[in-house]
Amino acid sequence: MGVSRLDVFYRRLLLTKLFIGGWGKPEDLKRIFEFRKIIGDREKCKSLVPKDYPVYLNKTEDHTDCQIHDGFFISPLEHLVPGILPPEAVKARFQFIVPKRWQKNRPVCIHLAGTGDHFFWRRRTLMARPMIKEAGMASLLLENPYYILLLSFHMRSCLKNVSDLFVMGGALILESTVLLHWLEREGYWPLGMTGISMGGYMASLAVTNWPKPIPLVPCLSWSTASSVFTTGVLSKAVNWTELEKQYAINLVYEEEIIKLLEYCGADSFKMGPGHVENVDCLEHLLGLSGQDRASVVQNSKAGGEAEARRGLMIGGPEGCRAGDTLYTLDIPSLRFMINNILHGKKMDTAKCCRPSLHRESISFMKGVMDECTHMANFSVPVDTSLIIVVQAKEDAYIPRTGVLSLQEIWPGCEVRYLNGGHISAYLFKQNVFR
């Protein structure tokens with residue numbers, strides 16, 4: 001499929017930068033990765049959120065066609081991973097929009113927020129109120145934890161750190177579980193989940209954790225966030241300068257964080273030592289002389305698996321690698337180069353043994369994103385036949401090339417394609433989403 005020109009043009013109009021604070025605290029990343037191992041397994045999560053978890057309604061507005069209730073509860077993530085959430089996001093807020101007359105049963109759909117969807121107005125106007133009129137269906141709108149924080153500071157929507165995205169996912173999975181339990185206790189049925197763009201992705205994560213069959217309609221989202229921030233148009237908004245600086249200076253990312261990454265599927269990087277046999281490709285990548293090249297290969301083979309785990313993962317050049325395979329180089333020579341650069345010493349770039357720092361940062365981004373966001377790292381929903389994925393054929397925000405498809409991860413789900421790109425679908429296809 002081609003790429004929507006509107007998607008590319010629209011992204012250029014926006015000045016917002018992503019991840020301006022960098023990767024996030026290494027200790028936070030470590031805690032998140034450990035928690036991902038739990039929350040990615042539905043069986044391990046059965047007792048994380050009690051069925052009687054307290055939920056409160058504190059305001060009700062009466063309208064001609066519906067009642068709008070405002071509610072809140074304490075995010076379970078604060079209990080399970082204390083201090084990982086910003087203080088303003090510890091209290092989860094939602095809006096419950098209920099029709100005055102039910103057509104059949106008491107169906108409720110939970111809508112999760114897309115990027116930049118502050119508060120509730122957008123989802124209430126474009127989805128919830130029309131769904132009352134068209135289908136007699138109630139909607140529950142959960143506020144994104146980081147948008148609560150940003151709204152209070154009157155800032156534009158932007159994730160400050162890479163780790164914020166992972167914290168957001170964990171929070172929304174648990175908070176959705178709280179709301180589904182609460183709706184069941186209140187007698188609402190059937191229940192379903194949806195969202196557009198990032199909201200669709202977060203709704204997908206939430207459904208992987210729910211122990212019962214549940215309808216899911218993720219719109220304009222796919223199987224992993226790694227391609228969104230490394231090859232999609234949003235990759236241009238990432239503050240790579242700060243990410244590269246932190247990655248180069250702080251050893252913990254390449255020596256400790258990489259060891260915690262478990263997902264090594266077909267569309268993620270491999271962490272093994274056996275990818276340096278292609279000498280011609282490696283020489284082209286690094287600009288090494290024959291003697292230097294022999295030294296690199298010898299070091300890699302001699303180091304074995306232990307040295308490979310310490311090594312720095314880098315992507316090969318176009319046409320010189322199979323899939324997303326990465327080559328492994330020894331840390332000491334790379335660290336020597338960084339120190340020279342940081343101290344202002346001139347180096348011959350043609351003979352430099354460290355490849356592009358930008359390429360390394362992209363590879364590391366892909367690894368941590370796949371670890372915490374790839375659907376293959378989470379349980380398969382109980383009944384995939386209840387899932388209808390809505391995708392745009394020319395979506396430049398959510399690249400599908402080179403990553404596992406949702407049909408492969410969730411056999412039995414249905415995928416429907418719309419003409420056009422991400423922006424045009426959002427602007428003109430809300431009726432299809434409903």
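Structure: see above.
Residues numbered from 1 in each chain as written. Predicted model: local features only at pLDDT ≥ 70, side-chain atom pairs only at ≥ 80, totals over all residues. Heavy atoms only, no water.

## So, a nonpolar patch on the surface
We apply this condition: For patches, a residue must show more than 30% relative accessible area and have no salt bridge; joins then use 9 Å for like charges and 5 Å for nonpolar side chains, namely Val, Leu, Ile, Met, Phe, Trp and Tyr. Using the Shrake-Rupley algorithm and a 1.4 Å probe, accessible areas are obtained, with residue cover drawn only from the displayed protein chains. The salt bridge criterion pairs a side-chain nitrogen of Lys or Arg with a carboxyl oxygen of Asp or Glu, the two atoms within 4 Å. Strands here are runs of E lasting at least two residues and helices are runs of H or I lasting at least four, both read from the DSSP assignment and numbered beginning at the N terminus.
A contiguous nonpolar patch, built from Leu6, Phe9, Tyr10 and Leu13 and spanning about 380 Å² of accessible area, is present on the exposed surface. In this fold, Leu13 is placed in helix 1 (residues 5–13).

## Concerning the environment of Leu159
Rule in force here: Whether two residues are in contact is decided by their heavy atoms, any of which lying within 4.5 Å being enough.
By the secondary structure assignment, Leu159 is in the loop between helix 5 (145–152) and helix 6 (162–185). Separated by 44 residues in sequence, Leu159 and Thr115 have C-alpha atoms that sit 9.7 Å apart. Beyond its immediate sequence surroundings of up to four residues, Leu159 is in contact with Leu18, Phe19, Ile20, Tyr146, Asp164, Leu165 and Met168.

## Some words on the packing of helix 2 (residues 26–39) against helix 10 (residues 252–260)
Convention followed: The convention used is that axes are lines fitted to C-alpha atoms, helices contributing only their stretch in contact, and that angles between N-to-C directions extend from 0 to 180 degrees. Each angle gets one of four labels, with under 35 degrees taken as roughly parallel, over 145 as roughly antiparallel, 65 to 115 as roughly perpendicular, and the rest as oblique. Following the grouping adopted for this structure description, the nonpolar residues are Ala, Val, Leu, Ile, Met, Phe, Trp, Tyr, Cys and Pro, the charged ones are Asp, Glu, Lys and Arg, and the polar ones are all others, Gly among them.
Between helix 2 and helix 10, the shortest axis-to-axis distance is 10 Å and the interhelical angle comes to 10°. In terms of orientation, helix 2 and helix 10 fall into the roughly parallel class. Residue-level inspection shows Pro26, Leu29, Lys30, Phe33 and Glu34 of helix 2 in contact with helix 10, the latter providing Val252, Tyr253, Glu256, Ile257 and Leu260. Taken together, the residues of the contact of helix 2 with helix 10 break down into 7 nonpolar, no polar and 3 charged.

## Quick word on the pattern of salt bridges
This is how it is decided: A simple rule labels every residue: compare its accessible area, found with a 1.4 Å probe on the protein chains alone, to the largest value its type can have, and call it buried under 20%, exposed over 50%, or partly exposed in between.
What the rule picks out here adds up to 12 salt bridges. One salt bridge connects Lys100 with Asp62, and the closest N-O pair in it is separated by 3.1 Å. In this pair, Lys100 sits in the loop between strand 3 (91–99) and strand 4 (108–112) while Asp62 sits in strand 1 (residues 56–62), placing the two residues 38 residues apart along the sequence. On the accessibility criterion, Lys100 (43% relative accessible area) is partly exposed.

## A look at the nonpolar core
Filter applied, for reference: The definition of a nonpolar core used throughout is a set of buried Ala, Val, Leu, Ile, Met, Phe, Trp, Tyr and Cys residues joined through side-chain atoms within 4.5 Å.
Grouped together as the largest cluster of nonpolar side chains are 93 residues, with contacts concentrated most on Trp23, Phe96, Phe166, Met193 and Phe229. Per-element accounting of this core gives the leading share, 14 residues, to helix 6. If we skip the residues at most four places from it in the chain, Met193 touches Cys109, Ile110, Leu112, Ser176, Leu180, Ala203, Ala206, Val207, Ile214, Pro215, Leu216 and Val217. Grouped together as the second largest cluster of nonpolar side chains are 11 residues, Met131, Ile196, Leu220 and Ala392 included.

The values reported here are purely geometric and, on their own, carry no functional implication.
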